[in-house]
There are 2 protein chains.
Amino acid sequence: MRATLLYGAGDVRVEDVADPKIQNPTDAVVRIVLSCACGSDLWPYKSLQPTDTPRHMGHEFLGVVEEAGAAVRGIKAGDVVVAPFVYADNTCVYCREGLQTSCVHGGQWGVGGVDGGQGQAARVPHAEGTLVKLPVGEDSELLPDLLTLSDILCTGYHAARTAGVVPGDTVTVVGDGAVGLAAVISAKLLGAEQIILMGRHQVRTDLGRAFGATDVVAERGEDGVARVRELTGGEGSRRVLECVGLKEALVQSFGAVRAGGTISRVGAPQYPEVPFGFGDFMRNITLTGGVAPARAYIDELMPHILDGSITPGRVFDRTLDLEDIADGYRVMNDRQALKVLIRP
Amino acid sequence: MRATLLYGAGDVRVEDVADPKIQNPTDAVVRIVLSCACGSDLWPYKSLQPTDTPRHMGHEFLGVVEEAGAAVRGIKAGDVVVAPFVYADNTCVYCREGLQTSCVHGGQWGVGGVDGGQGQAARVPHAEGTLVKLPVGEDSELLPDLLTLSDILCTGYHAARTAGVVPGDTVTVVGDGAVGLAAVISAKLLGAEQIILMGRHQVRTDLGRAFGATDVVAERGEDGVARVRELTGGEGSRRVLECVGLKEALVQSFGAVRAGGTISRVGAPQYPEVPFGFGDFMRNITLTGGVAPARAYIDELMPHILDGSITPGRVFDRTLDLEDIADGYRVMNDRQALKVLIRP
């Protein structure tokens with residue numbers, strides 16, 4: 001089959017790789033119908049040293065089960081399924097607590113002999129725990145929306161949930177990327193009254209307004225913080241959802257958050273140290289979040305997509321064939337596209 | 001009156017200062033019956049540059065109201081009262097949420113013309129909001145226990161509460177100082193089943209066991225972390241209460257905490273940056289806590305002292321007259337004493 005490999009910064013290739021086969025009775029093989037590229041794929045795309053052992057890319061996909069191993073219950077050939085961005089047995093002590101990202105038998109797509117998601121098919125370890133059946137056909141118009149259950153919608157929702165968003169809340173979302181926009185959707189789902197979106201790409205912030213943002217702050221740094229404070233009666237925002245991953249965005253989050261408030265970080269931190277000393281200690285700021293256990297939220301979020309009340313698939317503003325995925329990385333990296341849908 | 005002034009590192013003096021008087025109708029004047037020295041007093045005691053404008057020291061006291069301003073309701077001359085370690089109006093938007101440390105009219109003892117607590121008396125701003133009446137006489141044997149409501153008991157409790165300790169929980173307390181021991185008491189009050197105390201001063205850890213610690217880990221750093229993991233089935237501790245304030249203690253906390261777990265920091269951080277990058281992000285660690293709004297917890301904790309079910313006053317292992325308070329700072333700094341009670 002064909003799959004996406006990264007050989008170094010900017011060097012994305014689609015090549016022939018081994019067809020996936022059942023290796024363990026808990027595996028399934030899924031023919032991929034839709035996948036996409038993620039903001040987090042851009043980190044290695046920008047920085048990977050040239051290598052002869054390329055990375056298998058992609059961690060968001062949905063498709064049709066071709067074969068399920070003998071031990072897999074509840075999932076069978078022909079089912080349309082979505083995969084969360086890590087696989088997990090969904091039965092271990094962490095999974096039972098909704099922390100499938102720490103599953104003792106779980107792992108990442110594209111690592112250790114497991115296929116990536118940007119290909120024609122994938123072997124899915126722990127298929128019963130990992131895959132979630134979608135009650136639609138593979139020709140459904142909802143597939144782009146449902147694909148966001150794989151990562152970005154659940155990641156935005158993880159930010160809102162761990163930040164403790166409650167009805168009537170004031171929420172600031174830092175970052176107008178796909179995850180930031182999903183965080184806007186999520187804050188609204190949880191009843192936030194004021195949702196301030198910090199971003200300066202108008203096409204994206206317009207979509208953010210359509211998703212529920214009540215205010216947009218285009219300024220960054222101290223000016224952006226001042227504007228958020230102005231919009232929140234001088235106090236700052238009770239919840240800040242940091243959806244970027246750069247230190248500047250986190251510093252901005254600390255500036256924007258109200259005393260006693262919570263910052264939830266779902267942008268993968270590209271920095272080792274957090275500026276969180278005596279001053280913010282005196283203000284009782286909480287820093288929470290982390291990598292999102294998407295699997296924990298899929299069942300809860302799917303109905304909102306099925307009934308049309310949320311339309312997170314609108315973040316996809318370009319569709320490419322798998323063979324052209326290198327273009328997809330390029331346009332996302334150049335910010336010509338927000339998020340690229342891939343049809344294998 | 002006599003009061004404690006710090007002129008520089010190691011230079012504690014008891015001197016005559018102006019007698020406190022009502023300045024605003026919301027003030028009260030309290031004759032101090034008991035006060036004490038705090039671990040946090042040791043930071044300036046170790047480091048303050050010599051100065052001609054000395055710091056007025058002390059932020060923990062209880063005493064008898066001598067006079068209450070015309071606007072003070074519910075507190076009158078003759079009442080025995082305890083003061084939390086910051087004053088607050090207890091009516092502002094932050095106070096109503098239980099965050100009196102961010103009170104818009106509040107402030108610190110010993111700053112801006114307000115008396116410190118290590119003296120014979122104090123003017124109490126916003127007395128109605130700040131002071132809590134104690135239902136005992138000024139000769140009560142419970143006074144040392146009740147004095148801990150001023151800071152350390154509430155600070156330990158803030159750690160346990162913000163960490164989200166629930167019945168059956170596993171809690172690790174980092175630090176065997178007075179706040180760490182109060183955190184042990186608090187974790188037990190909230191129903192923790194396993195309470196691991198990290199400390200290496202046996203007199204203190206023995207008291208910790210008496211307060212409810214189920215395990216003591218004397219090792220530090222990586223060895224200490226390994227021991228906590230051993231005691232928690234390899235996973236680490238769901239809640240870690242960091243009661244020291246040094247970066248080493250926080251690093252140890254990150255090592256000891258379980259995936260999905262919470263570190264609550266109540267040791268005033270003596271460092272500007274927190275090592276909290278990609279690895280702990282992937283483990284979904286939360287960092288919370290901060291300076292404790294003692295006022296928010298006094299009403300809740302006092303009954304446990306009055307009925308004898310907790311005895312936090314046992315942390316006081318030395319009693320000195322105010323005139324000898326310099327000795328108190330010295331023995332606490334040299335770790336010859338855990339916490340020193342001061343009788344003016």
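What counts, and where the lines are drawn
Residues numbered from 1 in each chain as written. Chains lettered and ligands numbered in written order. Predicted model: local features only at pLDDT ≥ 70, side-chain atom pairs only at ≥ 80, totals over all residues. Heavy atoms only, no water. Helix = DSSP H or I, 4+ residues; strand = E, 2+ residues; numbered from the N terminus. Rg over C-alpha atoms; globule rule 2.2 N^0.38 Å. Buried < 20%, exposed > 50% of the residue type's maximum accessible area, 1.4 Å probe, protein only. Areas by Shrake-Rupley, 256 points an atom, 1.4 Å probe, with all protein chains shown as cover. Least-squares fit on C-alpha atoms with pLDDT ≥ 70 in both. Contact = heavy atoms within 4.5 Å. Buried area = accessible area lost by both parts, 1.4 Å probe. Salt bridge = Lys/Arg side-chain N within 4 Å of Asp/Glu carboxyl O. Nonpolar A, V, L, I, M, F, W, Y, C, P; charged D, E, K, R; others polar. Pairing = 2+ DSSP bridges. Axes fitted to C-alpha atoms, helices over the stretch in contact; angles between N-to-C directions. Expected span 1.5 Å × (residues − 1). UniProt positions renumbered as here; feature names shortened; annotations may be inferred. Right-handed = clockwise from strand over helix to strand, strands pointing away. Domains from an automatic or database assignment.

Draft legend 1. Here's a closer look at the overall build of chain A. Scanning chain A from N- to C-terminus turns up twelve helices and 19 strands. The C-alpha atoms of chain A give a radius of gyration of 20 Å, which matches the 20 Å a tight globule of 344 residues would have. By principal-axis analysis of the C-alpha atoms, chain A measures approximately 60 × 40 × 35 Å. Burial analysis of chain A (344 residues in total) assigns 60% to the buried set. Accessible surface for chain A amounts to roughly 12900 Å². Of this, 48% is attributable to carbon and sulfur atoms.

Draft legend 2. The relation of the copies chain B and chain A, seen in detail. Mapping chain B onto chain A calls for a screw motion: a turn of 180° about the axis and a shift of 0.0 Å along it, with 0.0 Å RMSD after fitting. The relationship between the two copies is best expressed as a two-fold rotation axis. The overlap is high: 100% of the interface residues of chain B also sit at the interface in chain A, so the same surface is used on both sides.

Draft legend 3. Region of interest: the interface of chain B and chain A. Each side of the interface is counted separately: chain B has 38 residues, and chain A has 38 residues. Summed over both partners, the interface of chain B with chain A buries about 3000 Å², with 50% contributed by carbon and sulfur atoms. There are six salt bridges connecting chain B and chain A. Arg258 of chain B is the salt-bridge partner of Glu97 of chain A, the closest N and O atoms lying 3.0 Å from each other. For the side of chain B that touches chain A, the residue count by class is 18 nonpolar, twelve polar and eight charged. The pairing of strand 16 (residues 273-275) of chain A with strand 16 (residues 273-275) of chain B spans three bridges and is classified as antiparallel. Across the sheet, residue Val274 of chain A finds its bridge partner in strand 16 of chain B, namely Val274 of chain B.

Draft legend 4. Examining the sheet that holds strand 2 (residues 11-16) of chain A more closely. Residues and elements named next belong to chain A. Read from one edge of the open sheet, three strands run 2-1-4, paired in antiparallel fashion. Each edge of the sheet is formed by a strand with only one pairing partner; in this case those strands are strand 2 and strand 4 (55-56). For strand 1 (residues 2-8) and strand 2, the ladder comprises six bridges, and the chain directions are antiparallel. Considered in strand 2, the bridge of Gly8 is made with Asp11. The strands touched by helix 12 (residues 325-333) within the sheet are strand 1 and strand 2, with strand 2 carrying the most contacts at an inclination of about 160°.

Draft legend 5. Structural view of helix 11 (residues 295-306) of chain B. Residue and element names in this part refer to chain B. Relative to the 16 Å expected for twelve residues at 1.5 Å per residue, helix 11 spans 17 Å between its end C-alpha atoms, a close match to the ideal helical length. Looking at the buried side of helix 11, the elements it contacts are strand 6 (80-83), helix 3 (127-130), strand 10 (132-133), helix 4 (143-147), helix 5 (152-162) and helix 6 (178-189). Count one or two residues on from helix 11 and you reach Gly308, which has phi positive near 80°.

Draft legend 6. Main features of the UniProt feature "domain: Enoyl reductase (ER)" (unreviewed entry) in chain A. When the UniProt feature table is mapped onto this chain, "domain: Enoyl reductase (ER)" (unreviewed entry) is found at residues 8-342 of chain A. Helix makes up 30% of residues 8-342 of chain A and strand 25%, and the two end C-alpha atoms of the span are 21 Å apart.

Draft legend 7. Focus on the pairing of strand 12 (residues 194-198) of chain B. All names here are of chain B. The buried fraction of strand 12 amounts to five of the five residues, a majority that puts the element mostly inside the structure. Both faces of strand 12 are covered, namely the face carrying Gln194, Ile196 and Met198 and the face carrying Ile195 and Leu197. Pairing of strand 11 (residues 170-174) with strand 12, which is carried by five bridges, proceeds in the parallel orientation. Across the sheet, the residue bridging to Thr172 is Ile196, located in strand 12. Where the polypeptide runs from strand 11 across helix 6 and back to strand 12, its parallel neighbour, the crossover connection is right-handed. Both strand 12 and strand 13 (residues 215-217) contribute to a ladder of three bridges, which runs parallel. When the sheet's bridge partners are listed, Ile196 is paired in strand 13 with Asp215. Following the backbone out of strand 12, through helix 7 (residues 202-211) and into the adjacent parallel strand 13, one traces a crossover that is right-handed.

Draft legend 8. A look at the domain arrangement of chain A. Residues and elements named next belong to chain A. Taken domain by domain, chain A comprises domain 1 (2-151 + 293-343) and domain 2 (156-289). A straight line from the C-alpha centre of domain 1 to that of domain 2 covers 27 Å. Taken residue by residue, the interface counts 15 residues in domain 1 and 18 residues in domain 2. Here domain 1 and domain 2 share an interface that buries about 1500 Å² over both sides, 69% of which is from carbon and sulfur atoms. Considering only the surface of domain 1 that becomes buried against domain 2, Trp43, Tyr297 and Leu338 emerge as the three largest contributors, covering 38% of it.

Draft legend 9. Broad picture of the pairing of strand 15 (residues 257-265) of chain A. Residue and element names in this part refer to chain A. By the criterion of burial, strand 15 is predominantly enclosed, with eight of the nine residues buried. Where strand 14 (residues 237-242) lies against strand 15, five bridges are found, and the strand directions are parallel. By the bridge assignment, Ser237 is partnered in strand 15 with Val257. As for the winding sense of the linkage, the β-α-β connection from strand 14 through helix 9 (residues 247-256) to strand 15 is right-handed. Taken together, the four bridges between strand 15 and strand 17 (residues 286-289) define a ladder with parallel strand orientation. Among the inter-strand pairings, Arg265 is bridged to a residue of strand 17, identified as Gly289.

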